[in-house]
Amino acid sequence: MESTGGFEIRRRWSGDLDGCVAALAGVHEADGYPVDWPAEPARWLVESDQLASWVAVSAGGEIVGHAALCRGAGSSAGEVWARRAGREAAEAGAVSRLYVAPPARGYGLGERLLASVVGQAQAWGLHPVLDVVTTGSAAVALYQQLGWELMLTVDQTWPNGSVVAVHCFAGAEGA
């Protein structure tokens, strides 16, 4: 558990999901993330291949951010990284469901949440990767600023049938 700047980063508990959904609704309204609002947002946050998840919590106890670590196999970035590195996608850990509510931005919470996911991935011997929609300019800027490598841009076909362009990033070796 980490606490600085009046915010705490900690593992997500099941009781946090309502707060996670409320923060996600603010992000969706402000930024259009997720692109398609899920019918069951709490279930969307708890992916079947999720290995661990974290939240950012304000001093007042409000959930203001979220991030998860998922299996890299099945993610576009995990597959691209594996082909490039001559490895198996199962050796990758995918950053997922990373967001910070608009009122809590500017405190480095996105970077801190990302660091929690990356640290756990590396502790488990996984190489961190992530996918981000090409229209997510603030997220893309953050990843590039932190030294993530843009490997490839691919089209994903989503469950609703839409085709969406995503950037596939890999964390720096040994980062």
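Right above here is the structure, for reference.
Re the nonpolar core
If you look at soluble globular proteins, the nonpolar side chains tend to sit buried side by side.
Turning to step 1, where the next piece is worked out: Counting 25 residues, the largest nonpolar core has Leu109, Leu113, Leu114, Leu130, Tyr143 and Trp148 as the members making the most contacts within it.
Turning to step 2, where the next piece is worked out: A total of six residues in this core trace back to one element, the largest contributor, which is helix α4 (residues 109-123).
Turning to step 3, where the next piece is worked out: Sequence-distant contacts of Leu109, defined by excluding residues within four places in its chain, comprise Phe7, Ile9, Ala56, Val64, Val100 and Ala104.
Turning to step 4, where the next piece is worked out: One finds Ala82, Ala92, Val154 and Cys168 within the second-largest nonpolar core, a separate group that totals 16 residues.

Quick notes on the environment of Val80
Turning to step 1, where the next piece is worked out: In this fold, Val80 is placed in helix α3 (residues 76-85).
Turning to step 2, where the next piece is worked out: The buried category is assigned to Val80, whose relative accessible area is 5%.
Turning to step 3, where the next piece is worked out: In the structure, Val80 is positioned 61 residues away from Gly19 in sequence and 33 Å away in space, judged by C-alpha atoms.
Turning to step 4, where the next piece is worked out: If near-sequence neighbours (up to four positions away) are discounted, Val80 is found in contact with Met151, Leu152 and Cys168.

Looking at the side chain of Arg112
Turning to step 1, where the next piece is worked out: Here Arg112 is to be found in helix α4.
Turning to step 2, where the next piece is worked out: Classification of Arg112 by relative accessible area gives buried; the value is 12%.

Overview of the pairing of strand β3 (residues 50-58)
Turning to step 1, where the next piece is worked out: With eight of nine residues buried, β3 is to be regarded as a mostly interior element.
Turning to step 2, where the next piece is worked out: Pairing of strand β2 (residues 7-11) with β3, which is carried by five bridges, proceeds in the antiparallel orientation. Looking at the pairing, Arg10 lines up with Val55 of β3.
Turning to step 3, where the next piece is worked out: Bridge count for β3 against strand β4 (residues 63-71) is seven bridges, and the pairing is antiparallel. Across the sheet, Ser53 pairs through a bridge with Ala68, a residue of β4.
Turning to step 4, where the next piece is worked out: Taking the residues that link successive antiparallel strands as the turn, the β3-β4 hairpin has four residues, and the phi of Gly61 there is positive, at about 90°.

Calculation criteria
- Residues numbered from 1 in each chain as written.
- Predicted model: local features only at pLDDT ≥ 70, side-chain atom pairs only at ≥ 80, totals over all residues.
- Heavy atoms only, no water.
- Core = buried A, V, L, I, M, F, W, Y, C linked by side-chain atoms within 4.5 Å.
- Buried < 20%, exposed > 50% of the residue type's maximum accessible area, 1.4 Å probe, protein only.
- Helix = DSSP H or I, 4+ residues; strand = E, 2+ residues; numbered from the N terminus.
- Contact = heavy atoms within 4.5 Å.
- Pairing = 2+ DSSP bridges.

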